[in-house]
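Here is what each chain is made of, one letter per residue.
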Amino acid sequence: MAIHRLVRDGMAKDTFSSLRVFNYRVWTAGSFVSNVGTWMQRTAQDWLVLTELTHHSATAVGVVMGLQTGPQLLLLPWTGYAADRFDRRKLLIVTQAASGILALVLGLLVVTGLVQLWHVYVLAFLSGCVNAVDMPARQTFVSDLVGDDDLSNAVALNSTSMNVALMIGPAVAGIVIAAVGSGWAFLINASSFAAVLASLCSLRKSELRPNIRTGRVRGNLVEGFRYVGSQPDLKAILWMLFLIGTFGLNFPIFISTMSVKVFKGGADQYGLLTSVMAIGTLAGALLAAGREKPRFVLLPVGAAIFGIGFALAAIMPNVWLFGTALVIIGISTLTFTNSTSSLMLLSTEPVMRGRVMALRLAIGVGATPVGAPLVGWVADTFGPRWALSVGAASGFAAV
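So, a few notes on the structure that sits alongside this text. (Residues numbered from 1 in each chain as written. Predicted model: local features only at pLDDT ≥ 70, side-chain atom pairs only at ≥ 80, totals over all residues. Heavy atoms only, no water.)

### Comments concerning the overall build of the protein chain
Going by this rule: Only DSSP runs of H or I covering at least 4 residues are called helices, and only runs of E covering at least 2 are called strands; the numbering of each starts at the N terminus. To get the radius of gyration, use the C-alpha atoms; to get the globule rule, take the number of residues to the power 0.38 and multiply by 2.2 Å. When a residue's accessible area, from a 1.4 Å probe over protein chains only, is under 20% of the maximum for its type it is buried; when over 50% it is exposed; and in between it is partly exposed. We call two residues contacting when some pair of their heavy atoms lies within 4.5 Å.
Broken down by element type, the protein chain carries 18 helices and zero strands. Its C-alpha atoms give the protein chain a radius of gyration of 20 Å, within 12% of the compact-globule value 21 Å for 399 residues. Expressed as a percentage of its 399 residues, the buried residues of the protein chain come to 59%. Relative to all contacts within the protein chain whose residues are 6 or more apart in sequence, the contacts with residues 24 or more apart total 87%.

### What about a nonpolar patch on the surface?
Let me state the cut-off plainly: Each patch groups residues whose relative accessible area exceeds 30% and which form no salt bridge, using 9 Å between like charges and 5 Å between nonpolar side chains of Val, Leu, Ile, Met, Phe, Trp and Tyr. Method for areas: the Shrake-Rupley scheme with a 1.4 Å probe, in which residue coverage is limited to the protein chains shown. For this document, the term salt bridge refers to a Lys or Arg side-chain nitrogen within 4 Å of an Asp or Glu carboxyl oxygen.
Side chains of L74, W118, V122, F125 and L126 sit close together on the surface and give an oily, nonpolar patch of about 470 Å² of accessible area. In terms of residue count, helix α7 (residues 117-145) provides more of the nonpolar patch than any other element does, four residues in total. If you trace the backbone, F125 turns up in helix α7. A residue is classified by how much of its surface remains accessible, and F125, at 32% relative accessible area, is partly exposed.

### A word on the packing of helix α15 (residues 319-346) against helix α16 (residues 353-364)
Operational definition: Think of each axis as a best-fit line through the C-alpha atoms, taken over the contacting stretch in the case of a helix, with angles from 0 to 180 degrees between the N-to-C directions. Any angle that falls under 35 degrees is termed roughly parallel, while one over 145 is termed roughly antiparallel, one within 65 to 115 roughly perpendicular, and all others oblique. Helix crossings fall into two classes, left-handed where the near helix is turned counterclockwise from the far one by less than a right angle and right-handed where it is turned clockwise. Three residue categories are used. Nonpolar comprises Ala, Val, Leu, Ile, Met, Phe, Trp, Tyr, Cys and Pro, charged comprises Asp, Glu, Lys and Arg, and polar comprises the others, including Gly.
For the pair α15 and α16, interaxial distance at closest approach is 10 Å and the crossing angle is 155°. Regarding the angle of α15 to α16, the classification is roughly antiparallel. Judged by the twist between their axes, the crossing of α15 over α16 is right-handed. Along the contact surface, α15 presents T337, T340, S341, M344 and L345, while α16 presents R353, V356, M357 and R360. A class-by-class count of the residues in the contact of α15 with α16 yields four nonpolar, three polar and two charged.

### Here we look at unusual backbone geometry
Backbone geometry at H56 places phi at a positive 60°, although glycine is not the residue there. Among the structural elements, H56 can be located in the loop between α2 (22-52) and α3 (58-69). Given the relative accessible area of 30%, H56 is considered partly exposed. Its identity is not glycine, yet K264 carries a phi of approximately 55°, on the positive side. Relative to the helices and strands, K264 resides in the loop between α12 (251-262) and α13 (267-289). By relative accessible area, K264 is classed as exposed at 66%.

### A word on the packing of α2 against α7
At a closest axis distance of 13 Å, the pairing of α2 and α7 adopts a crossing angle of 160°. Regarding the angle of α2 to α7, the classification is roughly antiparallel. Classified by chirality, the crossing of α7 by α2 is left-handed. Between α2 and α7, the contacting residues are N23, Y24, W27, Q45, L48 and V49 on the first element and L117, V120, R138, F141 and L145 on the second. Within the contact of α2 with α7, the residues separate by chemical class into eight nonpolar, two polar and one charged.

### Topic: the environment of P317
Looking at the secondary structure, you find P317 in the loop between α14 (298-315) and α15. According to the relative accessible area criterion, P317 is exposed, its value standing at 58%. If we skip the residues at most four places from it in the chain, P317 touches F263 and R385.

The structure is reproduced here in structure tokens:
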């Protein structure tokens, strides 16, 4: 199998080797600032829908998640084709600017008191369309910044940066919401996109490794499906990712409903719990960065621990023990998702990477419109602890 040939055991490499590359350092710095703002917005958006626009409706939160992630599936395979066909740096400038504008619009609606639930639905869908184009380009853009030797390390450090932002963003959002209202969290996120746009404009173009662009040939849009269909290892990864992505990666629903309905907390507690889970994902990211190559065995191991973490979270009697279970879930989530990303990138021909990663995102993220409303309904009908049981079942089913 393609993946098994390239994931032989080896000595651990320098955990931060990719940071020696100037372009990667600049991109990581700009992305980190923007990621902090993004996690602030996600926390504020969930809180806005759950407590300000509805009476604790987890179903409404699930609908927002579905609208925001559905375009990953709806726009497949054009999004992956765009990542392979166009200059990724220029494509990212457009998508990041568009995301900043949408955050600004939502922030203005909230601070002026004009926001309604349908506004959030519409803006979530538009944001999802932008992200559907942005995410395959952003994930494959790493290969333009570093060579294949450092690619696995760069992917892991990207996850590290994202999860440090996840530790900071929700906690700051909780403070901002409590102090001045949720609208300002959206406005802060809108301003944070200036950092990533500045980093994209500051890259040394001569040092970029330009992507091998696919030509305008009939059949390009479905070539990604054919390619994955010919690789048994890739198909196995995608089946596992479908189960966990559809029914398990619905953290805004799980954490918000447990925080509000079970532990009777406010926005600060919700933000803190989200940040606590990031401690686990950060630990998992640093472990991944120290591996020379990802190993296929990490997928079933990560999925099993994912299921165990959810089972523990479902029975925890207080918020502190629940937070401990979230750390376990965070480690397993990062181990599983990061391994799928690295394995698929390294085992795919460079000319096909955009389309294959778009397929990965469509299955892992775009399936949320199926799972999120269902998980939200379970939380509303039977309680948040039963919703966590659905997440546990997804991990065990993947194994």
